[in-house]
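Summary of structural features
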Amino acid sequence: MRSDARSIDEIKAIEINSHTLAFYAGRDWTRIIDEPNWKDDGAMKLGIATYAVFKENKAVIYDTFADIRQAMWVKNYLENMGIKQFTVVLSHWHLDHIAGNEVYKDYNIISNALTRELLLKNKMNIEMGCSEGPPEIKPLILPNITFDGKANLYLDNLQLKLLKINIHSKDGTIIFIPSDKILIAGDTLEDSITYIDEVENLVEHVKNLQQLKQLSPTTILPNHGDPMIIEDGGYDQTLIDATINYITRIVSRAHDKDFLMSSMKSYLREEFEQGWVHYYEPYEEVHRENLIKVHDYYKDKELPFFETDYQLGQ
Ligand SMILES: [Zn+2]
């Protein structure tokens, strides 16, 4: 173990607007644990954000970070701003988003019913460090309120729409704030590329990504993105377009001869050039894993046909 305090305390609070904050950790950090593990090599290497929307002394927190010390940092920060009442919304059940739940054990933690079900099913393994490997999350605090499909939260008159959506993981929950046109996207959108975890659902993911476009967000805030873009106020809809293009192109080429050797840039050359997404070297490994998953899943199957391809300038 090295000096872990430094990395954990290096959270950056970023003002998105008068009532929305981003909290960003990772990318440039000191490892918490030397051995390969999900915190350092998943969350921190790619960079990870959580969000808070607040009014008066109440806040809705979107995800609790990859480490309890990060969650405590965020809660202290908000308490220093005068926030007294917290409500947590979980983006999905993956460990890098729920590790700080314990900090909010005396408050309401909301998820869709499937997220709670998956956490409950995996509780023992997560608490023993055998779900995604070590380190463990103990105790794992489960959501105490669940919803199906859609739900609304209100901070005074500010409406937050919670929407369950199958992108990246089948238990995804996004927050859309209609009056701000802000989409808090969780892991449904990532910069540089999406992390393919449930390869069998990619066709559904593309359909649902188009549904995200129907919301017409003007600001998109992903959990794994480029801190400079988030500091600049967030992404626009081209992040959705780039994600659709990446998935549809990777699936369409799955039977190509040199598929497993194909580079991340060969899928999103123009998207990188135009700044729809931003090249970040650690995503090369995500890309290599994506290729293998897509290759193995589709090797004996007919490839699906996608009608959409978002061209530049549209
Ligand atoms: Zn994640």
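Cut-offs applied
- Residues numbered from 1 in each chain as written.
- Predicted model: local features only at pLDDT ≥ 70, side-chain atom pairs only at ≥ 80, totals over all residues.
- Helix = DSSP H or I, 4+ residues; strand = E, 2+ residues; numbered from the N terminus.
- Rg over C-alpha atoms; globule rule 2.2 N^0.38 Å.
- Buried ≥ 20, exposed ≤ 12 C-beta atoms within 10 Å, placed from the backbone.
- Core = buried A, V, L, I, M, F, W, Y, C linked by C-beta atoms within 7 Å.
- Contact = placed C-beta atoms within 7 Å.
- Pairing = 2+ DSSP bridges.
- Axes fitted to C-alpha atoms, helices over the stretch in contact; angles between N-to-C directions.
- Parallel < 35°, antiparallel > 145°, perpendicular 65-115°, else oblique.
- Left-handed = near helix turned anticlockwise from the far one by under 90°.
- Expected span 1.5 Å × (residues − 1).
- Arc of directions from axis to C-beta.
- pLDDT = per-residue confidence, 0-100.
- Nonpolar A, V, L, I, M, F, W, Y, C, P; charged D, E, K, R; others polar.

Some words on the overall build of the chain
- Secondary structure summary: the chain contains 9 helices and 12 strands in total.
- Rg of the C-alpha trace for the chain: 19 Å, near the compact-globule value of 20 Å for 314 residues, within the 12% margin.
- For the chain, the spread of C-alpha atoms along the three principal axes comes to 55 × 45 × 35 Å.
- Across the 314 residues that make up the chain, the buried fraction comes to 46%.

Here's the deal with the nonpolar core
- A22, Y51, A52, I175, L183, I184 and L221 are the most contacted members of the largest nonpolar core, which totals 86 residues.
- Sort the elements by how many residues they give to this core and helix 7 (residues 238-252) lands first, with 8 residues.
- Those residues in contact with I184, other than ones at most four positions away along the chain, are Y51, Y62, I174, I175 and L221.

Brief notes about the sheet that holds strand 9 (residues 158-167)
- If you trace the 5 strands from one edge of the open sheet to the other, you get 8-9-10-11-12, paired in mixed fashion. Two strands close off the open sheet at either side, each with one partner strand: strand 8 (150-155) and strand 12 (219-224). Neighbour-to-neighbour, the strand axes of this sheet turn through a mean angle of 30 degrees, independent of strand direction.
- Summarising the sheet, strand 9 and strand 10 (residues 169-177) pair through 6 bridges and their orientation is antiparallel. Its bridge partner being in strand 10, L162 is matched across the sheet by I175.
- Those strands touched by helix 5 (residues 202-214) are strand 9 and strand 11 (182-190), and its axis lies near 160 degrees from that of strand 9.

Regarding the packing of helix 5 against helix 7
- At a minimum axis separation of 10 Å, helix 5 and helix 7 run at an interaxial angle of 160 degrees. In terms of their interaxial angle, helix 5 and helix 7 are classed as roughly antiparallel. Classified by chirality, the crossing of helix 7 by helix 5 is left-handed. Contacts from L202, H205, V206, L209, L212 and K213 of helix 5 reach helix 7 at I240, T243, I244, I247, T248 and V251.

A short note on helix 9 (residues 283-298)
- The terminal C-alpha atoms of helix 9 lie 22 Å apart, and with 16 residues this matches the ideal 22 Å at 1.5 Å per residue to within 8%.
- All of the buried residues along helix 9 are Y283, V286, H287, N290, L291, V294 and Y298. Looking straight down helix 9, one finds its buried side chains confined to an arc of 140 degrees; they lie on one side.
- Along its buried surface, helix 9 packs onto helix 7 and helix 8 (264-274).

Let's talk about the sheet that holds strand 5 (residues 85-89)
- Reading across from one edge, 1-2-3-4-5-6-7 is the order of the 7 strands in this open sheet, with mixed pairing throughout. With one partner strand each, in any of the chains shown, strand 1 (12-17) and strand 7 (145-147) form the two edges of the open sheet. Neighbour-to-neighbour, the strand axes of the sheet open up by a mean angle of 25 degrees, direction not taken into account.
- As defined by bridge partners, strand 5 adjoins strand 6 (residues 108-112) across 3 bridges and the pair is classed as parallel. Residue pairing across strands places V88 opposite I109, the latter belonging to strand 6.
- In the packing of helix 4 (residues 113-128) onto the sheet, the strands contacted are strand 6 and strand 7, and the crossing angle to strand 6 comes to about 100 degrees.

Quick notes on the confidence of the model for the chain
- Looking at the chain as a whole, the pLDDT averages 94, with 95% of positions reaching at least 70.
- pLDDT under 50 marks residues 1-5. Its contacts with residues more than four places away, or in other chains, come to 5 contacts.

Notes on the pairing of strand 8
- As paired strands, strand 8 and strand 9 are joined by 6 bridges and run antiparallel to one another. Looking across to strand 9, one finds that Y154 is bridged to Q159.
- Between the end of strand 8 and the start of strand 9, which pair antiparallel, lie 2 residues, with D156 showing a positive phi angle near 55 degrees.

Re the environment of S111
- In this structure, S111 sits in strand 6.
- A residue is classified by how many C-beta atoms lie within 10 Å of it, and S111, with 28 of them, is buried.
- With 36 residues separating them in the primary sequence, S111 and F147 have C-alpha atoms 6.6 Å apart.
- Those residues in contact with S111 that lie beyond four places of it in its chain are L90, R116, P143, T146 and T173.

Some details on helix 3 (residues 68-80)
- Over its 13 residues, helix 3 extends 18 Å from the first C-alpha to the last, a length consistent with the 18 Å expected when each residue adds 1.5 Å.
- All of the buried residues along helix 3 are Q70, A71, W73, V74, K75 and L78.

Some remarks on the packing of helix 7 against helix 8
- In contact at an axis separation of 10 Å, helix 7 and helix 8 are set at 160 degrees when each is read in the N-to-C sense. Relative to helix 8, the element helix 7 is oriented roughly antiparallel. As for the relative orientation of helix 7 and helix 8, their crossing is right-handed in sense. Where helix 7 abuts helix 8, its residues A242, N245, Y246, R249 and I250 lie against Y267, L268 and E271.
- Each residue belonging to the contact of helix 7 with helix 8 can be placed in one class, and the counts come to 5 nonpolar, 1 polar and 2 charged.

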